[in-house]
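So the chains spell out like this:
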Amino acid sequence: MPMVIPEVSDYTGPHNARKLSLDPLAERYKLIGTHFWPRFHLHHYVTGARVWIPDPEQVWRFAELTKDYKDNVVAVIYEDAQTEEFKVKSDEDLPPLRNPDILLGENDLTSLSYLHEPAVLYNLQVRFCNHNAIYTYCGIVLVAINPYDELPIYGPDTISAYRGHNMGDLDPHIFAVAEEAFTQMERENKDQSIIVSGESGAGKTVSAKYAMRYFASVGGAADSETHVEKKILASNPIMEAIGNAKTTRNDNSSRFGKYIELDFTQSYAIMGANMRTYLLEKSRVVFQAPDERNYHIFYQLCAVASEEKLKHLRLGHQDNFHYLNQGFSPHIDGVDDGADFHETCQAFNLLGIHEKSQDQIYRILAGILHLGNVTVEESGTDSSSISKGDEALQIASDLFGVDVDDLRKWLCHRKIVSGREVFNKPMTVTEATFSRDALSKHIYAKLFDWIVSEINKCFAAKTKPYRFIGVLDIYGFETFEINSFEQFCINYANEKLQQQFNQHVFKLEQEEYVKEQIEWEFINFYDNQPCIDLIESKLGILDLLDEECRMPKGSDQSWVEKLYDKCKKWDHFSKPRLSNTSFVIAHFADKVGYECAGFLEKNRDTVSEECVNILKSSQYPLVRALFTEKAKGAQTKVKVMPAGPAKSKDMRKSVGSQFRESLSLLMATLNSTTPHYVRCIKPNDDKMAFTFDPTRAIQQLRACGVLETVRISAAGYPSRWTYNEFLCRYRVLCNSRDIQRNDVRVTCQKIISNMISDEDKFKFGRTKIFFRAGQVAYMEKLRADKLCACGVMIQKNVRMFIVRKRYRTMRSAAMTIQRYSRGMVARRRVHHMRQTAAAIKIQACMRGWLKRVRYQRLKYTVIRLQSRARGTWARQRFEHMRRVRACIVIQKHIRKYLAVKHFRMAVRGFITLQGLVRCFLARRMLKKLKIEAKSIEHQKKLNKGLENKIISLQQKLTEMKQENSNIKVYKEEITTLKSQVVEMKSLENQLKGSTNRVTELEALVTKLTGEVEFERGEKMDILTQKEQAEKDNRELVERLNTENARLTEELNEAQKEEVLRQGEELLRKKFEAEKQQIIMESSEEKAAYQRLLAEYNRLEQKNDILEEQLAKVKGGSHKRSASNVSNSGASDTPTELVRDDIMDLSSMMGDEDVGYGSVRSRMSENSDSSRNLENIEWESPQKIPNADIKIQVPEKLQELEMENAKLKDDLNRLRKSIADSEPQNNQVQEFMKQFEALQDELERRREECIQLRTVLANRSHDIRSLTENSYGKDVDIVNEDGELAVAYQTQKQVNRQLEEELKTEKMRHRETESEYKSELERLRRDNERQQKLLSQNLSKGGGSHPEALLQSEIMRLTSENLNLQGQVDSLTEQLKKYKRTLKAYAKKLKETSGADPSDLLDVTNNENDVMPVIRKKEREYMGMFEYDRSDEMQIIRVLIYELKPRVAVTFLPGLPAYILFMCIRHTDHINDDEKVRSLLNNIVNGVKRVIKKRHEDLDSTVLWLSNTLRLLHNLKQYSGDKAFQAENTVKQNEQSLKNFDLSEYRQVLSDIAVWIYNGVIKLMEEKVQPLIVPSILEHEAIAGLSGNKPGGMRGRAGSVARELESPVEPQKALDLLLKEMTQFYRTLAMFGTDPELITQVFRQIFYFICAGSLNNLLLRKDMCHWSKGMQIRYNLSHLEQWTRDMRLHESGVTDTLAPIIQAAQLLQARKTDDDVHSICDMCDKLSVSQIIKILNLYTPADEFEERVPISFIHKIQTKLQERAEGEQAQATLLMNTKFAFPVRFPFNPSSIHLEDIELPDSLNLSMLKKV
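Cut-off values and rules
Residues numbered from 1 in each chain as written. Predicted model: local features only at pLDDT ≥ 70, side-chain atom pairs only at ≥ 80, totals over all residues. Heavy atoms only, no water. Buried < 20%, exposed > 50% of the residue type's maximum accessible area, 1.4 Å probe, protein only. Helix = DSSP H or I, 4+ residues; strand = E, 2+ residues; numbered from the N terminus. Contact = heavy atoms within 4.5 Å. Core = buried A, V, L, I, M, F, W, Y, C linked by side-chain atoms within 4.5 Å. Pairing = 2+ DSSP bridges. Axes fitted to C-alpha atoms, helices over the stretch in contact; angles between N-to-C directions. Phe/Tyr/Trp six-rings, centres within 6.5 Å; stacked < 30°, edge-to-face > 60°. Lys NZ or Arg CZ within 6 Å of the ring centre and 35° of its normal. Salt bridge = Lys/Arg side-chain N within 4 Å of Asp/Glu carboxyl O. Parallel < 35°, antiparallel > 145°, perpendicular 65-115°, else oblique. Nonpolar A, V, L, I, M, F, W, Y, C, P; charged D, E, K, R; others polar.

Caption draft 1: Layout of helix α40 (residues 1432-1441). Turning to α40, its buried residues are Glu1432, Ile1435, Ile1436, Val1438, Leu1439 and Ile1440. In this structure, the buried side of α40 is in contact with α42 (1455-1469), α43 (1473-1493) and α44 (1498-1517).

Caption draft 2: Up close: the nonpolar core. Residues Phe215 and Phe583 are the most contacted members of the largest nonpolar core, which totals 316 residues. Here this core takes 16 residues from helix α46 (residues 1543-1578), the largest share from any one element. Beyond its immediate sequence surroundings of up to four residues, Phe583 is in contact with Ile541, Trp559, Val560, Leu563, Tyr564, Phe573, Ser574, Pro576, Val592, Gly593, Tyr594 and Phe599.

Caption draft 3: Broad picture of the sheet that holds strand β21 (residues 719-722). Spatially, β21-β23-β22 is the arrangement adopted by the 3 strands of the open sheet, whose pairing is antiparallel. With partners counted over all chains shown, the strands left at the sheet margins are β21 and β22 (762-764), one partner each. Each strand of the sheet is rotated relative to its neighbour by a mean of 20°, with strand direction disregarded. Pairing of β21 with strand β23 (residues 768-771), which is carried by 4 bridges, proceeds in the antiparallel orientation. Looking across to β23, one finds that Trp721 is bridged to Ile769. Sheet strands touched by helix α24 (residues 744-755): β22 and β23. Its angle to β22, the strand with the most contacts, is close to 165°.

Caption draft 4: Fine view of the packing of aromatic side chains. Applying the stated criterion across every chain yields a total of 38 aromatic pairs. Look at Tyr154 and Tyr210: their rings are 3.8 Å apart centre to centre, the planes differ by 5°, and that puts the pair in the stacked class. One end of the pair, Tyr154, is in the loop between β6 (141-145) and α3 (156-162); the other, Tyr210, is in helix α5 (residues 204-218), with 56 residues separating them in the sequence. Grouping residues by exposure puts Tyr154 and Tyr210 together as buried. With 5.5 Å between their ring centres and 75° between their planes, Tyr1647 and Phe1781 make a pair best called edge-to-face. Note that Tyr1647 is positioned in helix α48 (residues 1635-1658) and Phe1781 in the loop between α54 (1767-1771) and β25 (1809-1810), a separation of 134 residues in sequence. We note that Tyr1647, like Phe1781, is buried. Every member of this aromatic cluster is reached through a ring pair, and the members are Phe485, Phe488, Trp559, Phe573, Phe583, Tyr594 and Phe599. A cation over a ring is seen here: Arg61 above Tyr78, with NZ or CZ 4.0 Å from the ring centre. It is Arg98 that lies over the ring of Phe62; its NZ or CZ is 4.0 Å from the centre.

Caption draft 5: View of unusual backbone geometry. With phi around 60°, Asn1471 is a residue other than glycine that occupies positive phi space. Following the sequence through the fold, Asn1471 ends up in the loop between α42 and α43. With a relative accessible area of 47%, Asn1471 lands in the partly exposed category. You will see that Arg1687, though not glycine, has its phi angle at about 60°, which is positive. Relative accessible area serves as the criterion here: at 76%, Arg1687 is assigned to the exposed category.

Caption draft 6: Molecular detail of the pattern of salt bridges. Going through the model one piece at a time under the given rule, you end up with 40 salt bridges. The partner of Asp171 in a salt bridge is Lys1733, with the nearest N and O atoms 3.9 Å apart. Residue Asp171 is found in the loop between α3 and α4 (174-188), and its partner Lys1733 is found in helix α52 (residues 1728-1737); the two are separated by 1562 residues along the sequence. A relative accessible area of 16% means that Lys1733 is categorised as buried. Three or more residues joined by partner-sharing salt bridges are found here, namely Glu199, Lys682, Asp685 and Arg696.

Caption draft 7: Up close: the packing of helix α7 (residues 296-303) against helix α8 (residues 337-350). Two elements in contact, α7 and α8, have axes separated by 8 Å at closest approach and are oriented at 105°. Classified by the angle their axes make, α7 and α8 are roughly perpendicular. Contacts between α7 and α8 pair Tyr299, Gln300, Leu301 and Ala303 from the former with Asp337, Gly338, Asp340, Phe341 and Thr344 from the latter. Broken down by class, the residue content of the contact of α7 with α8 amounts to 4 nonpolar, 3 polar and 2 charged.

As structure tokens, then:
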């Protein structure tokens, strides 16, 4: 229903305000027979009692009784030492008593013991001025005082702090009221309302805005596309621009009332909103009082008039417009109108209002300003006109889009309808001006309604809301010097709201008593229904006003006379004595006089219909829409009541009627909801920060209903205690025998019965004890007296103890002095005696020393003479022995020379004789052979062998032809094979990944095949090189006896030549005829066989000669030198082709070895040297401690054999691969046979060297055993002639030479191995190059050459695959052979050195072990897992989706990450880009999916946090970057990724780890949050130590306590918190989380604990006292001890607890002026606002603890301002609970080798193959 808005200003300034009586409520209470404040017993009014005395300036003044009250005389003394004595009429007129100091500054006014007006006023003043607390509870009402300053108490942290707390748990706040409303909506499933009222400048709009901000924060919509809560907050700038203005009381005063409904879904998320507006002050558009402004939007437009998009509005400075320059105050300090305009535009855009609509809005607003500048001139006596040259009218018409002439006409004329005739009557200048202003106000009101409707459309929800919370922001009660129609409507609305408030308060108070089942008398409260009936009943004020408006000649004077006649029967209506134009109404707050002038005109709200019709014809759609009536069927959710007139004059409703209907609708809405009340108070009229004017405050308290709440509470039982709280507080007032611990209620009854005799002063409820007003103060006095007596008793005993202790100390000191004096005398006597005895002793010692020195000198001289003589004799004897020994040596060498000369002559003769005889026999045999060669049988024998060879060659030719036919078959299969090219390429990649060795061989073969085309034109040169290679081979065999060092180099050259020969044979196979090739190979084979046979005979002959010489040397009596040993070993060059089988090693070394030409066969003939290697007894150095010879031959031999075996295996693999690639090339086969023969000869020679060294060792052993057998233990006589020393030196030289030879051989083999590796690397690069060329040729097109190349490549790959498979099999057999060899070596080690063969897997460097230990290794893995692409999802499912934390904890920490990384390494190894991308994407998606699914499971999140970081560390460690390889082993560096750069995926994994980390922190915080306050703040080691203060209505009736799902008892909360923390730590450590990350986690958790506890402490006044600070510090020490137990204290985790620790220390610190500096230094982690807040909240728990002086707080604040901190830190009050420290993941390389990782059977990952 439309509401008509009043016109004129409602305010004329504070200087016109009428002073109210000192106690206006007293008169109203006398009407109902009740006094305002309760009466007290007379025994309270004794000397020293503190009372309140009325004062005309301070309202109430504090005083103290100087004598007891009697004879109605009250004598007091004021604070300024002024005394006064006065009489009271009766005891009921006694001044009210003052509350104890312990109750000063209470959060809830109803908790005061004495409830009356001065107590309420003083408590508000103390909280506001001393504590800077702007909010105070008064029962269910929140009293908000405007601080005129910015306070840091509205941030997100404050919202989080109040979320989930009861209304009385924390300090009073607008957020607490909002939380109460939101919680009751959730719990009771009922709509809620918050009623914010107060006079202009009291902060109503700000309070309502903060309430809506709270709802938007806690009820944010889940649908991120709508952002309804943001739109609601964005509507504030628009509504402030078009509805707020500057007044003398407020710079941003709301000039309209509004009721905003916030709609919620069933899940209690904001889904929409709706706004109703009331009483827009339209008169402000055309008139402003001095020092006031028009609506902000006009000044904003003028501030940006120079912008391009607004130039068409033709605006300028605001002083150029009549509607803006009347208040002479166009600017507001600190406000930028231009910036505010842009903010308004942004709000329009956010709400979805199109720019065209915005432009039309600005046009209308600018048109209103220009319309105000239209000048109306007088054109006659009763007429007026507007000049045609009036520029303002032309601009206004253009902006409105209407005809200027029509507008000019109807602004100065009006239409009169008389019957059927219509007359145009001109208007006077006054009437025309009034018509212009009325049109401006009407246009603005219509535009205001349209904007509100558009905002509502933007807020409107698509579906029906489930529940809503309404916020009502409306004027408070107003009374001025002159009150008109606007004040009448406002006070009428406040009467209705006050009635609803009284009923609600009374209802809640009654419900509380009924709930507690106590009996009480019902309260008689003031009911303002008669006043409401006076206004709205039949023949009431509004009814008479509407009736007078309908009269043709109705006037204000006739209407007021009707009021005098009709309303005199109402008690609330009266007529002033000296006025006939005003009337007085007794409202609930005060009597208000209204002037009747303007009532009728404002109630009618007329506007020219012709002007409205002109606007309806505007060319702009928005202007037309403003004045077009909406159809009845139009559906809209907008609830704004339009203020325009109806089409028919008879159908138009008056403003009063519309306002009454809209008010009734509002009251119906409020009655259907649960109301919550916020009363805003303006502390002073000068807008000074934290300045309290008692006179202005008491006026508003009386008008807003706060004192009514206090009176209702005081009439009942305002003080309420739970039984446990009462017992903890007043336990001191009873004896121990009165306490029944199993029944607290009985105990409390006994305590109260001993204190209060009147049973009407208290009542026992079900859970609480209720006290009348003043009883808590009486009990506090008794408690204080009791504690004072106890203090006196304690002081008496302490002083007695101090005096007794002082006496005992003095007595003990006297006795001590006496004892020390006597001791000093005795010590002096003893000292003299000691000195005498010491002198005698010194004399004796001195004399003895002189004699002893003389004797020692003599002895020294004699000994020196003897030593010189004996030395001379010994040197002479030694010289003689040396000469004798030299002679013996000379004789020995001469005799040796003669014997050797004789031997050599005999040998030379024997050789000459043998040569002659053998030559003779050879000539004879030659002749015989020549004869046989010429015979036919011999030719047949030769031809027979040749025929057999030709037949075999023909068979080979047949096989080759068969292969040619197979090739033709392959050509027919070309078409099929082309389709399989892709599959063959993938097969090739898989073969590459099967083993590193196979890949290298394949690369070698591919390289050799590619060189065939390159070597096509060099056929003849290759043949020449082949012959040269054969010649070199023969020369190599001849030089084996003397040049062992060159063998390795020649083998390398032979290998290179073999590669060339392979290319030659491949070329020859394609271009030469098969028959000629076979014949040529046969002839070459025959020639090679003959050459080898001749060479074999020559070497055998030479070997026989050397063996005979060796046998002669062994048979002689002299010893061989080291050179002989070396030469003999080098000359023994056996030519027998020994089979390369390591399994026969034991048989070769045994007694059965009779190999031709070997040293062993010759040595077996000598019985003295028939020992073999297995029978040698190697003695350890421990058995011969004095021997310098260390027999290291077996150790060197073992190393040499291992290296040779490794080199041999590599050569054999390469040789076999070359031979298998060309099985039909006979020349290659022949050369390989020769190579094998040379290899066998080399190994044979080494074996013989070993045997020679064995013989030498046996000889040494025999000599040692012979000497022991011959001479026994006394073996030194063997060396009488020095022969043993010479033998020792010789043996030592032999050992050194053997060691040097072994080292040289080892170095050569290493060089050979390195050369082979470089050659293989070169072949691999060539292979890659050939592959690229092949791929390029294949991609060129369908020519014949690519097809042939493809066919040959397919055939080659097929044959190579088969060969490689065979090589794998041969390698497997060879591995088995090596295992058997290792067993043989182990057996030898056990027999020779006693080493345990089971230790072969570990190589140790223990000095006690003589023999080396061999590492036993089954297989050398590459540290990767091979898998098929089709099994990828199965792997992800097993390792990620289905992996349970209870199973993962049994594995190696991070095992899933290791397995996944090894799979990644395999994809990198085979260089499969798509496969690695698919695997990494599936890993990332899998981890995200698991975390989203199990985000509430801490074990799962921690598990994948650890594995994600391990995978991230592995990607870094094996990335190949030098920065991550510092701690890697050589093997780990070799395993680095070769083909892919996964740095981008590392960033993705890092982001996922941060996301999981935040999830872990969130889970931990959710578990810890309900334990923070009970464990840190409320936990008491000694229950009741802190002593709760009187709480009054702590648990108010308006705040129903929440039932927590898992309530935590404060006494158990600390243990539960520590238990949770320990569980967190164990979970993190159990899954292998990095220690640095664990530190970060607990650093964040401890910060959250600190922030939660400190924020709660800053919002709880009851926690801020000394004993609670001690309890908090004790509770925090448990957390510090926990960090020490978990070894986290060194990482700075507890540093995050510094703020709460310092807050606890601040509560315990001494607070005097001398402690200012120490407190500032101590609280360096607290902000200035936090320190000041704690000091303001500091409240003693009892009267024996001093309060913090205000001067001390000011000194602290001044000192803290000097602190060099940021301004932001200074302004912060609450800690940000959402703050998160930067997450860092330090690189943590793994020491685990990938090749050692095995798959557990429980994972069931059989598809993974370890490579």
